[in-house]
Amino acid sequence: MAGIIANNFGSLSVVFKSGNGAELTAEDGKKYIDFVSGIGVNCLGHNHPALVAAITEQAQKQIHISNYYNSDVGLAFAREITKAAGMDCVYFCNSGAEANEAAIKLARKYGWLSDQQEKNKAVPRKTIVTLEKSFHGRSLATLRATGQEKFHADSFAPYPDGFKHIKPGDYEALKTVFDSSVCGFLMECVQGEGGVNLIDAEWAKAACEAARNAGALVMIDEVQTGMGRTGTLFASAAMDLHPDVITCAKGIAGGVPMGACIYGGKATDVFVAGDHQSTFGGNPLACACGRAVLKELQSPGFLDNVNAAGEFIRETIKSWNLPCVTEVRGKGLMIGIDVTMVPGEVQKKCLANGLCVSTAGTKTVRFLPPLILDKVTAEKGLAIFKDVLLSF
Ligand SMILES: *Cc1c(COP(=O)(O)O)cnc(C)c1O
């Protein structure tokens, strides 16, 4: 039977009522350590004073005005986020799928404009190349961009055409796929939903270079890796990829729905007024939250904590030397633990014992703790996790 709220995972039957930092409280008063942060969204944890103040103060001024007009906070956040990303322009929306949908439209129009310059071109520049095991969202186009067969179910077909998937690490594919029909290359630096798969930095650089040389836009999906999650503000900067487009969502406004398609260089003048918009996108409330989050992420030592906490978690789990753990990997506080059990079963047992964890791919338990995680809470969560692993 369908639940009253569509698509919620019914088997995880806890009902939460509040949270503080990296801890959640259920209706019955039971406390849980939160290693999920709303799937990488609550980057400042729950009930963070700076975010609560931003919401409260902005709500007393204005919440929404539509994109007919600019808002003071909208302009301020646009300046701050484009500067932080080294870009020229930003399109604000409300989710990761929307940010990627915007990037796809941007690349298609970029290809179309470039075809106008090249008369009698045999094959139009329409193709978007993405990676196997990627995840880019659940709209029809972003599902099609997603390089996993299970997201291309017949029940929702037809999907938009014009996508090709290549295997991360495949150098041969780079020679053949990037021809003059490609308008964009879209990839995650660490594949989140696909299994916390780290993309090799040398290969990623070569792929971006091949895309660029073929005349395509380089677009990095930082919906999960961005906003400090991987220990730098953007994962693509740490990998030296110099994209034309970065997409963000999840943690960008700390839990208030927001997405962003941030772009620069040759992508800057592609969209003109009327090409793409969103009613809610970039409303003052979301922008005020975005500003508060970015300010925290850029405060001294914040990202050092992300790196140190991530390292601590990975090293601790490795030090247990448990046969049921086959690999521990990740960047910053985006962590994947391959287990020999069914990850969903580990997830359920963790929850029953007061620890929220996520899963990814087919064999991976995924941790996405709030970026403000402290050592004591990390240790508490890890102790529960170890007990659960030993209980199988
Ligand atoms: C979560 C996610 C998306 C989709 O974001 P929504 O806000 O759910 O639409 C897209 N790309 C990546 C890499 C993600 O992790």
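The paragraphs below set out a description of the structure included in this document. (Residues numbered from 1 in each chain as written. Predicted model: local features only at pLDDT ≥ 70, side-chain atom pairs only at ≥ 80, totals over all residues. Heavy atoms only, no water.)

### Quick notes on the overall build of the chain
Stated formally: Helical segments are the DSSP runs of H or I of at least four residues, strand segments are the runs of E of at least two, and each set is numbered from the N terminus. As a reference, a globule follows 2.2 Å times the number of residues to the power 0.38, and the radius of gyration itself is taken over C-alpha atoms. For each residue, the accessible area found with a 1.4 Å probe, counting protein chains only, is set against the maximum for its type, and the residue is called buried under 20%, exposed over 50%, and partly exposed in between.
The helix and strand inventory of the chain stands at 12 helices and 17 strands. In terms of overall size, the chain behaves like a compact globule, its C-alpha atoms giving a radius of gyration of 21 Å where 392 residues would be expected to give roughly 21 Å. With respect to the principal axes defined by its C-alpha atoms, the chain has extents near 65 × 50 × 45 Å. When the 392 residues of the chain are sorted by exposure, 55% land in the buried category.

### Comments concerning the pairing of strand E11 (residues 245–248)
Where we set the bar: Note on pairing: DSSP must find at least two bridges between two strands before they are called paired.
Side-chain alternation along E11 places Val 245 and Thr 247 on one buried face and Ile 246 and Cys 248 on a second face that is also buried. Where strand E10 (residues 217–221) and E11 come together, three bridges link them in parallel fashion. Bridged to Met 219 within E11 is Val 245.

### Notes on helix H10 (residues 302–319)
Inclusion rule: In a helix, the anticipated span is given by 1.5 Å times the number of residues less one. This arc corresponds to the set of directions leading from the helix axis out to the C-beta atoms. Any pair of residues with heavy atoms lying within 4.5 Å of one another is described as a contacting pair.
Taking 1.5 Å of rise per residue, 18 residues should cover 26 Å, and H10 covers 26 Å from first to last C-alpha, within 8% of that figure. Within H10, burial applies to Phe 302, Leu 303, Val 306, Ala 309, Gly 310, Ile 313, Arg 314, Thr 316 and Ile 317. When H10 is viewed along its axis, its buried side chains cluster within an angular range of 165° and face the same direction. Where H10 is buried, its residues contact helix H9 (284–297), strand E13 (325–331), strand E14 (334–339), strand E17 (364–367) and helix H12 (375–390). Positive phi shows up at Asn 321, right after H10, with a value of about 50°.

### Side note on the sheet that holds strand E2 (residues 23–26)
Keep this limit in mind: With axes taken as lines fitted to C-alpha atoms, and helix axes fitted only over the stretch in contact, angles between N-to-C directions fall between 0 and 180 degrees.
The four strands lie next to each other as E1-E2-E3-E15, forming an open sheet whose pairing is mixed. Pairing within the sheet leaves two strands with one partner each, and these edge strands are strand E1 (16–20) and strand E15 (355–356). Taken together, the three bridges between E2 and strand E3 (residues 31–34) define a ladder with antiparallel strand orientation. Each bridged residue has a counterpart across the sheet, and for Thr 25 the counterpart in E3 is Lys 31. Running over the sheet, H12 touches E2, E3 and E15 and is turned about 100° from E3.

### Topic: the environment of Val 245
Along the chain, Val 245 turns up in strand E11. Looking at Val 245, the relative accessible area reads 0%, which means it is buried. For the pair Val 245 and Lys 375, spaced 130 residues apart in the sequence, the C-alpha separation amounts to 35 Å. Setting aside chain neighbours within four positions, we find Val 245 in contact with Met 87, Ala 103, Leu 106, Leu 217, Val 218, Met 219, Ile 220, Cys 261, Ile 262, Tyr 263 and Ala 267.

### Describing the site of the ligand
The criterion, for reference: We define proximity as follows: a residue is near a molecule or strand when any one of its heavy atoms falls within 4 Å of that partner. Any pair of N or O atoms that falls within 3.5 Å is considered a polar contact. Within protein, one atom must be able to donate a hydrogen and the other to accept it, and sequence-neighbouring residues count only if both atoms are side-chain atoms. For every accessible area listed, the method is Shrake-Rupley and the probe measures 1.4 Å; residues are considered covered only by the protein chains on display.
Around the ligand, 13 residues are found, and the nearest of them are Gly 96, Ala 97, Asp 221, Gln 224 and Lys 250. In this structure, an oxygen atom belonging to the ligand sits 2.7 Å away from a main-chain N or O atom of Ala 97. Here an oxygen atom of the ligand sits 2.6 Å away from a polar atom, N or O, in the side chain of Lys 250. For the ligand, the accessible surface in isolation is 390 Å², of which the surrounding protein chains cover 81%. When residues in the shell around the ligand are grouped by element, the largest group, three residues, is from helix H4 (residues 96–117).

### Regarding the side chain of Ser 358
By secondary structure assignment, the location of Ser 358 is in strand E16 (residues 358–360). Excluding anything up to four places from it in sequence, Ser 358 contacts Val 36, Gln 347, Val 365 and Arg 366.

### Focus on the side chain of Asn 42
Here Asn 42 shows up in the loop between helix H1 (37–40) and helix H2 (49–59). Look at Asn 42 and you get buried, because its relative accessible area is 14%. With residues up to four places along the chain from it excluded, the contact list for Asn 42 reads Ser 37, Gly 254, Gly 255 and Pro 370.

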